[in-house]
Amino acid sequence: MRQLNVFLILSFILSMVSSCNEDNLIEVDIKSQPVIELDSETGIYTVKVGHELTIAPTVQYADDALFSWTIDNKLVGTSASYTGSWDEPGEVYITFRVQTEAGKAEEVLKVEVTELGIPVISLAIPASGLKVLASKDYILTPDIQHSDLEDFACKWIREGKTVSTEESYTFHEAETGTYIVTIEASNIDGTARRDIEVEVVDQLPYGVSFGSLSYVGEYTARYTFAGRPVCLYPLLEYFQDPLFEWEVDGEKTGTTERMFRFTPSVPGKYTIAVSVTDQTHTTARLTRNITRSISKVRAEIDVYCVEDSEEQRYQAATGSSSALWNKVYEYIPAPGQFIGELRTGGFTGRETTQADAIAYAEKRLEQENWVSLGGFGGYIVVGFDHSIPRTDNAYDFAIQANAFEGSSEPGIVWVMQDTNGDGLPNDEWYELKGSETGGSGTIQEYEVTYYRPAGKGMNVPWTDSQGKSGHIDYLAAWHQQDFYYPTWVKEDVYTLRGTRLGSRNIQDPETGHWANQTYAWGYTDNPGENSLGGDTADGSGQRNGFRISNAIHRDGTPADLKYIDFIKVQTGIHAKSGWLGELSTEVCSFIDLSIENN
């Protein structure tokens, strides 16, 4: 019955319309709801702090419409467009609503407020300050962040006068003294200035010291057993062609090489001294045409031959001893993309001391999760609750990492005995020989100095002991931590030393894919011949085995150690693979195989 009534009503309406329209055209006034078309395809807008942003959507069917813009439920605008600015970086969500008699439309927009791109000037300055020889050119080449923005300009100023408008500046001064050079960089967002103090000297401050392969403190003495040599290798500053003279307890030895091998025969204290003269510059010209001879620079160190024998220092395992490492003593990585990384790297952002860094590393290793050592020279030192004995024709300990075929980031392995018996890793480090030891691409006693960048998201500059320079790339596409420079390293400059292997990373010219090729044997985080398995797609559980019998002195001769107490792993490569970034060794665990296998 209801369907029949509806049919009759519709028929009546159609007949009425037809009778009123001679051309049989139906005219119905139907109002449409408003439709919003944003002027951003994604609905996301970007603006810098302090800059104005105007959002002007297109609205269809907006006759007599009411407009509203709200932020956090607060009305901020009633026009068809909205203009705003913000004082702090962050994300702002804005709701745009259009209301008419026919209905309403609504869109939620996101505004990303970013920091200003004011230039940031970073320059690698030595820890002792910038010293330049009189009448010699010195090129200042800073790294300037945001130099790609609009209206970028650069100028160098000396004594109130602009002396260059290039990004680098060649400093030259004949008179000794201290000079201030100012660099000013500007772009559309603002201007930055940096004063650089340059000390012009007639003679560089040659320096000689006995450093160590540890960043945490200098060695003040060396310890050994009777009949075991100590190889001393002095660190030099500014020398170009040094000549060495060695003494033992005041008696000249006749040795003129940089490496000095000293073997005490009986227990006691021995004072070793070295005097160094630069043969290239035996005289130095002063600014008033006066010359003088460069005096010898001397350094000395005490070597103690301990009373106990190697066997007496041995700490045998007990029934409660663990096969696993039990303590991290040092964690000093080089800058790298996973250093300070809050997601996959596992950092909290609150690591500001060496104790914090050690706690971080211990937590990761307890979970058998990887710890990154960053670029070349970065290292970690662990110990056990007992000494690990040397065995014959077998691996003595293993290091777990995350290598797989095509992803080798070799770590050099070093070992130490607690010769002085104080329970700390402050004795002699012995490198474990590998397939590249003594090879043409391997550099012994290599050094890299890293410099703290001046601003967030900047590359980390470095210089090396061969006079080369470069930087650890900041990879914003992969990691967003502020810095790759370790936050617990307080100094603005630090140097890491060790053995460098030749690079074996290659890129496929067709696919662009990078491969970090494998080294034959003797390294961790490297699927070589000393791999003990676990070479899975993600590297989980991958192990390398090591023999104590491969330990060598710094001069390359066998050390013949009967056991070890400490292990150090150090990134042994100084290279980067394009968009993948720097090569960096990772470690996951340390295992005494003499206990695990039994």
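Scoring rules and cut-offs
Residues numbered from 1 in each chain as written. Predicted model: local features only at pLDDT ≥ 70, side-chain atom pairs only at ≥ 80, totals over all residues. Heavy atoms only, no water. Helix = DSSP H or I, 4+ residues; strand = E, 2+ residues; numbered from the N terminus. Rg over C-alpha atoms; globule rule 2.2 N^0.38 Å. Buried < 20%, exposed > 50% of the residue type's maximum accessible area, 1.4 Å probe, protein only. Contact = heavy atoms within 4.5 Å. Areas by Shrake-Rupley, 256 points an atom, 1.4 Å probe, with all protein chains shown as cover. Expected span 1.5 Å × (residues − 1). Arc of directions from axis to C-beta. Pairing = 2+ DSSP bridges. Axes fitted to C-alpha atoms, helices over the stretch in contact; angles between N-to-C directions. Core = buried A, V, L, I, M, F, W, Y, C linked by side-chain atoms within 4.5 Å. Patch = residues over 30% accessible without salt bridge, like charges linked within 9 Å, V, L, I, M, F, W, Y side chains within 5 Å. Salt bridge = Lys/Arg side-chain N within 4 Å of Asp/Glu carboxyl O. Phe/Tyr/Trp six-rings, centres within 6.5 Å; stacked < 30°, edge-to-face > 60°. pLDDT = per-residue confidence, 0-100. Polar contact = N/O pair within 3.5 Å; in protein donor to acceptor, adjacent residues only side chain to side chain.

### Some words on the overall build of the protein chain
Move 1: Within the protein chain, the secondary structure is distributed over four helices and 47 strands.
Move 2: For 598 residues, the compact-globule estimate of 2.2 N^0.38 gives 25 Å, and the protein chain exceeds it by more than 25% at 34 Å.
Move 3: Taking all 598 residues of the protein chain together, 47% fall into the buried category.
Move 4: The long-range share in the protein chain, meaning contacts at least 24 apart out of those at least 6 apart in sequence, stands at 70%.
Move 5: On the protein chain, roughly 29900 Å² of surface is accessible, and the fraction owed to carbon and sulfur atoms is 48%.

### Some details on helix α3 (residues 354-366)
Move 1: In a regular helix each residue adds 1.5 Å, so 13 residues correspond to 18 Å; α3 covers 18 Å between its end C-alpha atoms and thus fits that length.
Move 2: Those residues of α3 lying buried are Ala357, Ile358, Tyr360, Ala361, Arg364 and Leu365. The arc that holds the buried residues of α3, viewed along the axis, is 160 degrees, so those residues lie on one side. Turned more than 90 degrees away from the buried face of α3 sit Ala355, Lys363 and Glu366, all of them exposed.
Move 3: Contacts from the buried residues of α3 go to β30 (327-332), β31 (371-372), β32 (379-389), β46 (586-587) and β47 (589-592).

### Side note on the sheet that holds strand β43 (residues 542-546)
Move 1: Sheet architecture is open: four strands sit in the order β42-β43-β33-β47, paired in antiparallel fashion. Strands with a single pairing partner mark the edges of an open sheet, and in this sheet they are β42 (531-533) and β47. Neighbour to neighbour, the strand axes of the sheet diverge by 30 degrees on average, direction disregarded.

### Some remarks on the side chain of arginine 222
Move 1: Mapped onto the elements, arginine 222 comes out in strand β20 (residues 221-224).
Move 2: For arginine 222, the residues in contact, after removing those within four places along its chain, are Gly211, Ser212, Val230, Cys231, Leu232, Ile301, Asp302, Val303, Tyr304 and Glu428.

### Brief notes about the pairing of β30
Move 1: By the criterion of burial, β30 is predominantly enclosed, with five of the six residues buried.
Move 2: Here β30 runs beside β32; their pairing, made up of five bridges, is antiparallel. When the sheet's bridge partners are listed, glutamate 330 is paired in β32 with valine 381.

### As for the pairing of strand β6 (residues 74-77)
Move 1: Judged from the three bridges that link them, strand β5 (residues 66-71) and β6 form a sheet pairing that is antiparallel. Bridged to isoleucine 71 within β6 is lysine 74.

### Describing the nonpolar core
In globular proteins that are soluble, nonpolar side chains generally tend to be buried together.
Move 1: By size, the foremost hydrophobic cluster in this structure holds 64 residues, and its most contacted members are Tyr331, Ile380, Phe397, Tyr450, Ile567 and Phe590.
Move 2: Here this core takes six residues from β32, the largest share from any one element.
Move 3: Ranked by size, the runner-up nonpolar core spans 21 residues in total, among them Ile36, Leu53, Val59 and Val92.

### A closer look at a nonpolar patch on the surface
Move 1: Residues Trp478, Trp579 and Leu580 make up a contiguous nonpolar surface patch of roughly 320 Å² in combined accessible area.
Move 2: Following the sequence through the fold, tryptophan 478 ends up in the loop between β38 (469-472) and β39 (493-500).
Move 3: On the accessibility criterion, tryptophan 478 (45% relative accessible area) is partly exposed.

### With respect to the sheet that holds β6
Move 1: Spatially, β2-β9-β8-β5-β6 is the arrangement adopted by the five strands of the open sheet, whose pairing is mixed. Two strands close off the open sheet at either side, each with one partner strand: β2 (44-48) and β6. Within this sheet the neighbouring strands show an average axis-to-axis angle of 35 degrees, counted without direction.
Move 2: Inspection of the sheet shows strand β8 (residues 90-100) paired to strand β9 (residues 103-114) by 11 bridges, in the antiparallel sense. Bridge pairing in β9 links tyrosine 93 to lysine 110.

### Focus: the pattern of salt bridges
Move 1: For the structure shown, the criterion picks out 28 salt bridges.
Move 2: As a salt-bridge pair, glutamate 173 and arginine 158 come within 3.0 Å of each other at their nearest N and O atoms. In this pair, glutamate 173 is assigned in the loop between β16 (169-171) and β17 (177-187) and arginine 158 in strand β14 (residues 153-158), connecting sequence segments 15 residues apart. The burial state of glutamate 173 is the same as that of arginine 158; both residues are buried.
Move 3: In this structure, the salt-bridge partner of arginine 222 is glutamate 428, at a minimum N-O distance of 3.7 Å. Placement of the pair is arginine 222 in strand β20 and glutamate 428 in the loop between β34 (411-416) and β35 (430-432), with a sequence separation of 206 residues. When sorted by exposure, arginine 222 lands in the same class as glutamate 428, which is buried.
Move 4: Overlapping salt bridges, with partners in common, bring together Arg228, Glu310, Glu311 and Lys562 in one network.

### A short note on the packing of aromatic side chains
Move 1: Enumeration according to the criterion identifies 25 aromatic pairs in this entry.
Move 2: Each ring, one from tryptophan 156 and one from tyrosine 169, has its centre 5.5 Å from the other, and the planes form 25 degrees; the classification is stacked. You can see tryptophan 156 sitting in strand β14 and its partner tyrosine 169 sitting in strand β16, a full 13 residues away along the chain. For the residue pair tryptophan 156 and tyrosine 169, the accessibility class agrees, reading buried in each case.
Move 3: Their ring planes at 20 degrees and their centres at 5.4 Å tell us that tyrosine 223 and tyrosine 304 sit as a pair that is stacked. Taken together, the residues tyrosine 223 in strand β20 and tyrosine 304 in strand β29 (residues 297-305) connect sequence positions 81 residues apart.
Move 4: Under the relative-accessibility criterion, tyrosine 304 is labelled partly exposed at 29%.

### Topic: unusual backbone geometry
Move 1: Phi angles above zero are rare outside glycine, and serine 135 is one such case at about 65 degrees.
Move 2: Mapped onto the elements, serine 135 comes out in the loop between β11 (130-133) and β12 (138-140).
Move 3: A positive phi angle is found at tyrosine 238, which is not glycine, with a value near 75 degrees.
Move 4: With respect to the helices, strands and loops of the structure, tyrosine 238 is situated in the loop between β22 (235-237) and β23 (242-248).

### Some remarks on the environment of glutamine 240
Move 1: Counting through the fold element by element, glutamine 240 comes out in the loop between β22 and β23.
Move 2: A residue is classified by how much of its surface remains accessible, and glutamine 240, at 53% relative accessible area, is exposed.
Move 3: On a C-alpha basis, the gap between glutamine 240 and serine 440 in space is 23 Å, while along the polypeptide they are 200 residues apart.

### Re the confidence of the model for the protein chain
Move 1: Averaged over all residues, the pLDDT of the protein chain is 90; the fraction at 70 or higher stands at 91%.
Move 2: Counting contacts from residues 25-29, a segment whose pLDDT is below 50, to residues more than four positions away or on other chains yields two contacts.

### Observations concerning the side chain of histidine 479
Move 1: Looking at the secondary structure, you find histidine 479 in the loop between β38 and β39.
Move 2: The buried category is assigned to histidine 479, whose relative accessible area is 5%.
Move 3: Engagement of the side chain of histidine 479 in a polar contact is seen with the side chain of glutamine 337, the distance being 2.8 Å.
Move 4: In terms of polar contacts, histidine 479 uses its side chain to reach the side chain of glutamate 341, at 3.4 Å.
Move 5: For histidine 479, the residues in contact, after removing those within four places along its chain, are Gln337, Phe338, Glu341, Arg343, Tyr474 and Tyr484.

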